[in-house]
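Residues per chain are reported as follows:
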Amino acid sequence: MAPRDVRAARDVGVGEHVIEVRSLVKRYPDITAVDGIDFDVNRGEVFSLLGPNGAGKTTTVEILEGLRDPTAGQARVLGEDVRSGYRRIRERVGVLPQDFEPFDRLRPREAVGYWASLFDHAVSEEDVASIIETVGLADRANTFALNLSGGEKRRLGIAMALVGQPELLFLDEPTTGLDPGARRELWTLIGDLKRKGRTILLTTHYLDEAEQLADDVAIMNHGKIVAHGSPSALISQFGGGTTIVLAGAGRGGYEALVARGIVAELRGIDVLVHVPMASQVRPMLAKLASIEIPLTEIFTKRSTLEDVFLKLVGARMEEGVLAA
Amino acid sequence: MKRILADVTAFGRQYLRSRVGTFFALAFPVILILLFGSIFSQSATPQVPLYVQDKDGTPTSQAFVLALNKTTLIAYRAMPPDVDFVGYIHDHSINVALQIPLGFQDDVNRSRTDRNTTTANVTLAGDQSQSSYGIAASAVGAVATEFNFRLANAGPVIGIKTIPVSVRQLKYIDLFLPGIIGFTVLTTPMFGMTSICAEYRTRRFFKLLATTKLSKAEWLAAKVGFYVLLLFLSVAIMMLVGVVVFGMQATLTPLAVLLIIAGTFEFTSLGMVLGIFVRDPGTGEALANAIGFPMMFLAGSFFPIDAMPSFLQTIARGLPLTYINEGLRASMVFGNEGTALTYLLVTLGFAVVFFVVGTRGLSWKSK
């Protein structure tokens with residue numbers, strides 16, 4: 001059972017909805033964690049649920065994984081209703097739960113073999129080695145999980161999720177708590193899986209992660225989806241075009257621009273000029289060049305998902321992570 | 001079945017790679033057997049040290065001391081004849097001591113001719129609240145009575161005839177080891193399962209397992225399977241130590257084997273039932289201790305239930321471990337297979353109830 005390239009399946013089923021969510025609600029006595037959300041995930045795409053902690057991402061994913069029952073609404077995974085078809089669904093999906101921890105005293109080689117047996121998959125030693133190779137743990141295959149690094153443990157989790165050749169992978173905050181190097185390595189791994197045609201539902205609160213990996217992003221806040229689309233579409237729709245940054249221009253520079261009728265924003269010692277249309281960037285740069293402003297550097301910055309967030313959610317960034 | 005075997009293998013690997021778990025399952029019962037076996041197996045009845053001050057130093061007083069020694073109840077210790085009797089007892093923290101006064105032999109001889117006015121007295125001193133005092137008093141009383149009979153040229157009218165009721169000549173270890181097997185059948189799976197449930201919940205392993213095809217019943221069956229294997233290894237080691245070190249004669253009968261399997265099934269399931277209420281390792285440990293420790297003492301693992309007050313005996317009859325301990329003793333020691341079979345059925349009844357409650361009550365999913 002070597003991990004197969006599922007691109008063929010993707011080609012056949014492009015546009016097919018692997019996940020369909022309609023008016024989904026999860027209510028607790030004191031909070032509505034998921035508040036009537038709708039979205040679809042197409043076969044072969046990486047779909048990201050993006051939002052701050054407490055937005056309802058994990059609750060949504062756990063409903064789709066069959067680990068929680070919804071209060072209302074409908075959720076279908078691979079054509080099966082999550083409530084009635086839970087047993088059939090779990091044979092066809094792979095799950096990396098939030099804060100995944102492996103069994104301490106099992107080696108990756110043993111853990112992957114064990115996990116395959118729990119799905120009734122017949123796997124040979126070669127199959128296990130192949131999966132471990134896929135996630136880049138070949139040289140750590142015989143190390144107790146206890147002694148793996150944080151990033152290696154998550155890789156092991158992804159290896160375990162891959163044992164059933166799943167049509168759909170749920171990766172719930174796979175890089176949370178990892179150092180930047182380990183995060184980048186996991187991004188590469190997820191990118192490889194995406195290129196092989198895996199459908200992936202990725203939850204994250206890292207904006208750069210969603211921007212880097214996702215084909216489609218649903219931004220969640222307080223249990224609702226506040227925006228949905230590709231990262232570039234969201235940025236062009238909500239991000240506000242391009243920003244010209246006059247680094248080090250300070251208050252003097254800001255007042256000089258305002259005096260000439262230019263709308264500007266003072267952020268620290270930098271002055272920002274927002275240009276909504278790409279065609280207006282060059283004329284604005286020419287106009288700014290004609291004004292005598294003391295500065296250290298001038299550059300343009302395309303809007304990012306962070307700007308979308310600031311606009312839609314009002315969330316701020318703390319070390320690259322969205323704060324609620 | 002394949003999933004159960006896979007879980008037994010994976011769980012077994014993890015368990016046996018944990019030194020703490022292996023120690024408590026395999027080494028700890030052996031330590032208990034060696035400890036208690038050494039304390040209680042030296043003789044059927046422990047000898048009480050009796051300090052004797054023979055101030056008379058005559059053939060009669062020496063014959064009295066010799067007769068005391070022959071009772072095997074006391075271990076003779078000489079007290080110097082010229083020291084203060086009571087002071088010596090205090091200074092040397094002696095529990096019980098006997099003084100044979102100067103003129104003892106003369107008094108004995110006079111009493112033979114003048115029985116109404118003369119008696120020969122010895123003095124027994126000690127802490128009457130101690131059991132050793134009672135044993136010494138019994139020994140001294142028996143020797144004095146024997147002396148009286150001889151002096152009166154009389155003999156006992158009522159004698160005691162003894163008939164052994166056990167097939168084999170039993171030793172302390174024969175009665176003790178089934179209790180230790182019962183103790184291990186309780187502690188290893190129940191404490192283990194409670195701790196596992198706490199760990200699996202806090203580390204989200206239950207959620208992870210819920211995404212597989214493994215059912216809760218299969219998971220629990222795998223744990224029962226592993227603990228049965230582990231306990232047979234443990235019992236084999238215990239039996240070996242009992243036979244080699246203490247010459248134990250109790251044997252592992254087929255019914256005893258079934259009782260061990262049923263008991264493991266029962267207490268693994270009870271551990272899962274406790275797991276329903278456990279939220280973290282701390283509460284798991286506290287809950288297992290609160291249930292396990294009183295049960296292991298009340299159910300006759302270390303002391304016979306018949307020696308307990310009647311209200312405690314009533315409580316003991318309601319405890320599942322009682323039927324394993326008593327069933328194992330009935331089968332392994334007394335060859336009473338009828339009683340063992342009854343207790344096996346009671347144990348299976350408890351096991352089925354715990355299994356159903358555990359698998360239905362413990363949720364792997366979130367609410």
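Residues numbered from 1 in each chain as written. Chains lettered and ligands numbered in written order. Predicted model: local features only at pLDDT ≥ 70, side-chain atom pairs only at ≥ 80, totals over all residues.

1. Notes on the overall build of chain B
The helix and strand tally for chain B stands at 14 helices and four strands. A globule of 367 residues ought to have a C-alpha radius of gyration of about 21 Å, yet chain B, at 29 Å, is considerably larger. When each of the 367 residues of chain B is scored for burial, the buried share is 39%. Taking contacts inside chain B between residues at least 6 apart in sequence as the whole, the part at least 24 apart equals 81%. (Helix = DSSP H or I, 4+ residues; strand = E, 2+ residues; numbered from the N terminus. Rg over C-alpha atoms; globule rule 2.2 N^0.38 Å. Buried ≥ 20, exposed ≤ 12 C-beta atoms within 10 Å, placed from the backbone. Contact = placed C-beta atoms within 7 Å.)

2. Description of the overall build of chain A
For chain A, the count of helices and strands is 12 helices and 16 strands. For chain A, the spread of C-alpha atoms along the principal axes amounts to about 75 × 45 × 40 Å. Here chain A holds 324 residues, and the buried ones make up 44% of them. In chain A, of all internal contacts separated by at least 6 residues, the share reaching a separation of at least 24 is 71%.

3. Topic: the pairing of strand β10 (residues 224-229) of chain A
All names here are of chain A. Relative to β10, strand β9 (residues 216-221) runs antiparallel, the two being bridged by five bridges. Across the sheet, the residue bridging to M220 is I225, located in β10. Where β9 hands over to β10, the hairpin turn is made up of two residues, of which H222 adopts a positive phi near 50°. (Pairing = 2+ DSSP bridges.)

4. Notes on the domain arrangement of chain A
Each assigned domain of chain A is listed here: domain 1 (7-236) and domain 2 (241-302). Inter-centroid distance (C-alpha atoms) of domain 1 of chain A to domain 2 of chain A is 42 Å. (Domains from an automatic or database assignment.)

5. Examining the interface of chain A and chain B
Tallying the contact residues gives 19 residues for chain A and 19 residues for chain B. Here the side of chain A that touches chain B takes four residues from helix α4 (residues 108-118) of chain A, the largest share from any one element. Grouping the constituent residues of the side of chain A that touches chain B by class yields eight nonpolar, one polar and 10 charged. (Nonpolar A, V, L, I, M, F, W, Y, C, P; charged D, E, K, R; others polar.)

6. So, the sheet that holds strand β1 (residues 48-54) of chain B
Hydrogen bonds between backbone atoms are what pair the strands of a sheet, whose relative direction is either parallel or antiparallel. Residue and element names in this part refer to chain B. Across the sheet, which stays open at both edges, the four strands sit in the order β2-β1-β3-β4 with mixed pairing between neighbours. On the outer flanks of this sheet lie β2 (74-79) and β4 (123-126), each paired with one strand and no other. Shown here is a sheet whose adjacent strand axes are inclined to one another by a mean of 30°, direction ignored. (Axes fitted to C-alpha atoms, helices over the stretch in contact; angles between N-to-C directions.)

7. Notes on helix α7 (residues 180-195) of chain A
An α-helical turn contains 3.6 residues, so any two residues separated by three or four positions project in the same direction. All names here are of chain A. With 16 residues, α7 ought to run about 22 Å at 1.5 Å a step, and its terminal C-alpha atoms sit 22 Å apart, in line with that. The complete set of buried residues in α7 reads R183, L186, I190 and L193. What you see down the axis of α7 is that its buried residues fit within an arc of 80°, all on one side. For α7, the exposed residues set more than 90 degrees away from the buried face come down to P180, G181, T188 and R195. On the buried face of α7, the contacting elements are α6 (150-162), β7 (168-172), β8 (199-204) and α8 (207-213). One or two residues past the end of α7 sits G197, with phi positive at roughly 95°. (Expected span 1.5 Å × (residues − 1). Arc of directions from axis to C-beta.)

8. Concerning the sheet that holds strand β13 (residues 270-275) of chain A
Residue and element names in this part refer to chain A. The strand order across the open sheet built from four strands is β12-β13-β11-β14, with neighbouring strands paired in antiparallel fashion. Of all strands in the sheet, those with a lone pairing partner are β12 (265-267) and β14 (297-302), marking the two edges. Adjacent strand axes in the sheet meet at a mean angle of 30° when their direction is disregarded. Both strand β11 (residues 242-247) and β14 contribute to a ladder of six bridges, which runs antiparallel. Bridged to T242 within β14 is R302. The sheet strands contacting helix α11 (residues 281-289) are β11, β13 and β14, and the helix crosses β11 at an angle near 20°.

9. A short note on the confidence of the model for chain A
Per-chain confidence: chain A averages 82 in pLDDT, with 91% of residues scoring 70 or above. Long-range and interchain partners of residues 1-14 of chain A, a stretch whose pLDDT sits below 50, account for 27 contacts in this model, where long-range means more than four residues apart. (pLDDT = per-residue confidence, 0-100.)

10. Thoughts on the packing of α4(A) against helix α5 (residues 125-134) of chain A
All names here are of chain A. Close contact between α4 and α5 brings their axes to 10 Å; oriented N to C, the two are set at 115°. The orientation of α4 with respect to α5, classified from their angle, is roughly perpendicular. Two packed elements cross with a definite hand, and for α4 against α5 that hand is right-handed. Across the interface between the two elements, P108, R109, V112 and G113 from α4 touch V128, I131 and I132 from α5. Class assignment of the residues belonging to the contact of α4 with α5 gives a composition of five nonpolar, one polar and one charged. (Parallel < 35°, antiparallel > 145°, perpendicular 65-115°, else oblique. Left-handed = near helix turned anticlockwise from the far one by under 90°.)

11. Topic: unusual backbone geometry
Residue and element names in this part refer to chain A. Non-glycine residue S23 carries a positive phi angle of around 50°. Phi angles above zero are rare outside glycine, and H222 is one such case at about 50°. Within the element layout of this structure, H222 appears in the loop between β9 and β10. Judged by C-beta crowding, with 17 C-beta atoms within 10 Å, H222 ranks as partly exposed.

12. Quick notes on the nonpolar core
Counting 150 residues, the largest nonpolar core has A:V112 and A:A159 as the members making the most contacts within it. With 15 residues, helix α7 (residues 172-202) of chain B is the single largest residue contributor to this core. A:V112 has contacts with A:V128, A:I131, A:I132, A:A159, A:M160 and A:V163, leaving out every residue within four places of it along the chain. (Core = buried A, V, L, I, M, F, W, Y, C linked by C-beta atoms within 7 Å.)

13. What about the environment of A:V123?
Positionally, A:V123 belongs in the loop between α4 and α5. Expressed as a C-alpha distance, the spacing of A:V123 and A:V112, which sit 11 residues apart in the sequence, is 9.4 Å.

14. Focus on the pairing of β1(B)
All names here are of chain B. Counting buried positions along β1 yields six of seven residues, so the element is predominantly enclosed. When β1 meets β2, the two strands line up parallel, connected through six bridges. When the bridges of β2 are listed, L50 appears paired with Y76. As a crossover connection, the stretch from β1 through helix α3 (residues 59-70) into β2 is right-handed. (Right-handed = clockwise from strand over helix to strand, strands pointing away.)

15. Points about helix α13 (residues 320-332) of chain B
In this model, α13(B) (13 residues) spans 19 Å end to end at C-alpha, consistent with the 18 Å of a helix rising 1.5 Å per residue. The element α13(B) is extensively covered by neighbouring structure, given that 13 of its 13 residues are classed as buried.

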